[in-house]
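# Structure at a glance
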Amino acid sequence: MRLAAHETHVKGETMPSVRTAGSTVHYEVTGSGPGLVMVHGTGGDGRANFGHLVDRFADARTVITPDYSGSGETTDGGGPLTLDQLVDQVVAATDAVTDEPVDLLGFSLGAVVAAATAAKHPERVRRLVLLAGWLRHDDPRHQLNFDLWRRLGNGEPSLFHRFLTLTGFSPAYLSRLGHQGLAELLANFTTAPGVLRQVDLDLRADIRDRAHLVTAPTLVVGNRQDQMVPVEQTRALHEAIPGSRYAELDSGHLVLFERPDELVALVRDFLLDDAD
C-alpha cells in the first residue's frame, strides 16, 4: 500500500492530501484490506456523508474518503468544476493509497463522478456502487431543482438548508423525528463552502456519452421516495450501464442517514461477493 507524501494539519489531526492538476486533494483512510473509495455528494464531504458508515466497511476494506473541490480541506483555483477534474481528484487520492484495483462507491453527484471514473479508468475499478445518481442533466425537473438550490444558496442559507432537509428525506422519516428532532436536525445542518460550485456542476453533469464504457460489475441503487434525484433518473442510469444490477430502497435521497442498515447490508453483499 502506497502512502501519501503530503499531509495537512487540521484541528490537531494529521490528514493526508495529494496534489494533482492544480488541486490539493484531502482524503482520509481507515481500515485494512482491498481499497474501497467513497465519493460524497453535493454540499457534503467524505466525513459528513460517510463518517458514520466507514467503520462498517473497515473490517474488510481500506476505506478511502476523498473530498473533491468545494468540500473539506481540498483546494484548487476556484473556477467552474468539471466531471473530469473531479475524476482526476478521486483517482489521485486512490493512487496515493494503493496501486491495486479498488471498489468505488459514489453518492448523488458522487455517483456520477464514480461512474465517469470507472468509464475513464476501468483498470482501477474492481466493483462499482452508484447510489442515487443520474445519467443526464437536461431533465426539466432536474434543472428546476438545482436551479432553485443555486438561487436559495445565493440568498438565505437557512432557507436553503430547510429546503434540502424537506426534499432530502422521506416525509415519514421527518415526521418521525418530531418537532424537537427536526429542530435539532436543522440546527446542525451545514453545507460545504463550495456547495454552489458543485450545484453548478449538478446542472451540467451528464454521462450519456460514457456510461456504456463502464465494464466493472456495477450495482445501481435507487430510492423510491427520492425528491432530489427521482428514482426514474437512477433507473435510467442502471439501464445505460451494460450488465449492471439494480436495487431500490424505500427511502428519500439521503439514504445514507435514513436507511443506513439496509444500505450497508446491500452494499456489503455486493462488494464481498466473490462469485463474479
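What comes next is a walk through the structure.

When its secondary structure is counted, the chain shows 10 helices and 9 strands. Relative to its length of 276 residues, the chain is compact, with a C-alpha radius of gyration of 17 Å against a globular reference of 19 Å. Counting every position in the chain, which comprises 276 residues, the buried fraction comes to 54%. Put simply, of all contacts in the chain between residues at least 6 apart along the chain, 76% involve residues at least 24 apart. Approximately 11,800 Å² of the chain is accessible, and the part contributed by carbon and sulfur atoms is 53%. Averaged over its 25 positive side-chain charges, the chain has a centre that lies 2 Å from the centre of its 37 negative ones.

Both faces of the sheet carry side chains from a regular strand, because those side chains alternate between them. Counting buried positions along strand β5 (residues 62-66) gives 5 out of 5 residues, so the element sits mostly inside the fold. Because side chains alternate across β5, one face comprises the buried residues Thr62, Ile64 and Pro66, and the other comprises Val63 and Thr65, equally buried. Of the strand pairs in this sheet, strand β3 (residues 23-31) and β5 are connected by 5 bridges, and their pairing is antiparallel. Across the sheet, glutamate 28 pairs through a bridge with threonine 65, a residue of β5.

Right, let's get into unusual backbone geometry. The backbone of alanine 21 sits at a positive phi, close to 45 degrees, despite the residue not being glycine. Position of alanine 21 among the secondary structure elements: in the loop between β2 (13-20) and β3. Taking the relative accessible area as the measure of exposure, alanine 21 reaches 72% and is therefore exposed. Of note in this structure, alanine 132 is not a glycine but carries a positive phi near 55 degrees. By the element assignment, alanine 132 lies in the loop between β7 (125-131) and α4 (140-153). For alanine 132, a relative accessible area of 0% translates into the label buried.

Parameters and conventions
- Residue indices follow the written sequence of each chain, beginning from 1 at its first position.
- The model is predicted, so local features are restricted to residues of pLDDT at least 70 and side-chain atom pairs to those at 80 or more, both for listing and for counting; the totals for chains, interfaces and linings are taken over all residues.
- Note that water and hydrogens are dropped before the side-chain values are worked out from all heavy atoms of the structure.
- Each helix is a run of H or I in the DSSP string that is no shorter than four residues. Each strand is a run of E no shorter than two, and both are numbered from the N terminus.
- Our radius of gyration looks at C-alpha atoms and nothing else; its globule reference is 2.2 Å times the residue count to the power 0.38.
- Burial status follows relative accessibility: with a 1.4 Å probe on protein chains alone, a residue under 20% of its type maximum counts as buried, one over 50% as exposed, and anything between as partly exposed.
- Any pair of residues with heavy atoms lying within 4.5 Å of one another is described as a contacting pair.
- Only the protein chains shown count as cover for residues, with accessible areas throughout obtained via the Shrake-Rupley method and a probe of 1.4 Å.
- Asp and Glu count as negative and Lys and Arg as positive, but His and the ends of the chain are not part of the count.
- Throughout, a charge is located at the NZ atom of Lys, the CZ atom of Arg, the CG atom of Asp or the CD atom of Glu.
- In short, DSSP must find at least two bridges between two strands for them to pair.

Function cannot be inferred from these measures alone, as they are strictly geometric.
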